[in-house]
Amino acid sequence: MSVREGSVTGLIGPNGSGKTTLFNVISGFYPPDSGEVYFMGNKITGLNPNEIYNLGVIRTFQNPRLFPRLTVLENLLVAAESRGERVTSSIAKRNWVDGEAKLVKKAYEIAKSVGLEGVERNIASDVSGAHMKLIETARSLMNSPKVLLVDEPAAGISYSAAKNLFNYLIKLKEDYGITLFIIEHRIDILMDYVDYVYVLHLGKLLSQGTPEEVLSDKKVREAYIGD
């Protein structure tokens, strides 16, 4: 499988087909039993998740993994690019104060861009499920991703909220130049946004192509509905 830079690529398949497992392998959470993973021509197989994250391959989770007692803004700041604490920077107070101010400004701008304006100071556990999905997406943007792996963004939210979220994802792709690789069960929504689709079934690649090609593939219909 390959994902073209700048594309919106979908990954579909019945439950248990291996979609999230694939994301876990790409992002370094699982070591592969075999095979290799490459990013921009460089082998990243076996790297730790933080190393892959720092390369710009960033993923979200189907169930948002937020810090529930922190505010929405603080959840974004946790993921911000940072050089870490140094003796020199701690002595030069102006340097770290200016740095913190820039990160807060960036977090506010990202929150606004994904539709979180007005809830930035709310405690994360108090916002709606749709907002939690947006927080997960917004947090991933704090480290300037090159590729964003999005795991079922529409799960557990209404159709209208799901459409809004996908519209935000496409806007983010255009505004930030991000490549999107999206797992989604709600094919009726996904197919309106993707350029190319891969289909997994029982851990194997079953089909691939444009949305039209995949939807017309008899093997795909059989895998999903036994047609």
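Coordinates for the structure precede this section.
In this text the structure is predicted, and so the values were computed from the model without any measurement.

Draft legend 1. Representation of helix H1 (residues 19-26). When we look at burial in H1, the residues that qualify are Lys-19, Phe-23, Asn-24, Val-25 and Ile-26. Looking at the buried positions of H1, the neighbouring elements they touch are strand E1 (8-12), helix H2 (49-55), strand E4 (57-59), strand E5 (147-151), strand E6 (179-183) and strand E7 (196-201). Downstream of H1 by one or two residues, Gly-28 has phi in the positive range, about 90°.

Draft legend 2. Focus on the pattern of salt bridges. In this structure the tally under the stated criterion is five salt bridges. The partner of Lys-163 in a salt bridge is Asp-192, and the shortest N-O contact between them spans 3.3 Å. Placement of Lys-163 in helix H7 (residues 159-176) and of Asp-192 in the loop between helix H8 (187-190) and E7 is noted, with a sequence separation of 29 residues between them. Across the pair Asp-217 and Lys-219 runs a salt bridge whose closest N-O atoms are separated by 3.2 Å. Its relative accessible area of 15% is what places Asp-217 among the buried residues.

Draft legend 3. Broad picture of the nonpolar core. Ranked by internal contacts, the top residues of the largest apolar core, which has 47 residues, are Ile-12, Leu-76, Leu-116, Leu-180 and Ile-182. The biggest single contributor to this core is H7, with seven residues. Setting aside its immediate chain neighbours within four residues, Leu-116 contacts Val-72, Ala-111, His-131, Leu-134, Ile-135 and Ala-138. By size, the runner-up hydrophobic cluster in this structure holds 15 residues, among which are Ile-52, Leu-149, Phe-181 and Ile-183.

Draft legend 4. Local environment of H7. The end-to-end C-alpha separation of H7 is 25 Å, in line with the 26 Å expected for 18 residues at 1.5 Å each. Those residues of H7 that fall on the buried side of the exposure criterion are Ala-161, Ala-162, Lys-163, Leu-165, Phe-166, Leu-169, Ile-170 and Leu-172.

Draft legend 5. Summary view of the packing of helix H6 (residues 129-140) against H7. Direction vectors running N to C along H6 and H7 enclose 15°, while the axes themselves pass 11 Å from each other. If you check the angle between H6 and H7, you find them roughly parallel. Here H6 and H7 pass one another in a crossing that is right-handed. Where H6 abuts H7, its residues Ala-130, Lys-133, Leu-134 and Thr-137 lie against Ala-161, Leu-165, Tyr-168, Leu-169 and Leu-172. Partitioned by chemical class, the residues of the contact of H6 with H7 number seven nonpolar, one polar and one charged.

Draft legend 6. Up close: the pairing of E1. Taking burial as the measure, the five residues of E1 include five buried ones, the bulk of the element. Side chains Val-8, Gly-10 and Ile-12 of E1 all project onto a buried face; the interleaved residues Thr-9 and Leu-11 project onto the opposite face, where all are buried too. Of the pairings in the sheet, the one linking E1 to E6 comprises four bridges and is parallel in character. When the bridges of E6 are listed, Gly-10 appears paired with Ile-182.

Parameters and conventions
- Residues numbered from 1 in each chain as written.
- Predicted model: local features only at pLDDT ≥ 70, side-chain atom pairs only at ≥ 80, totals over all residues.
- Heavy atoms only, no water.
- Buried < 20%, exposed > 50% of the residue type's maximum accessible area, 1.4 Å probe, protein only.
- Helix = DSSP H or I, 4+ residues; strand = E, 2+ residues; numbered from the N terminus.
- Contact = heavy atoms within 4.5 Å.
- Salt bridge = Lys/Arg side-chain N within 4 Å of Asp/Glu carboxyl O.
- Core = buried A, V, L, I, M, F, W, Y, C linked by side-chain atoms within 4.5 Å.
- Expected span 1.5 Å × (residues − 1).
- Axes fitted to C-alpha atoms, helices over the stretch in contact; angles between N-to-C directions.
- Parallel < 35°, antiparallel > 145°, perpendicular 65-115°, else oblique.
- Left-handed = near helix turned anticlockwise from the far one by under 90°.
- Nonpolar A, V, L, I, M, F, W, Y, C, P; charged D, E, K, R; others polar.
- Pairing = 2+ DSSP bridges.

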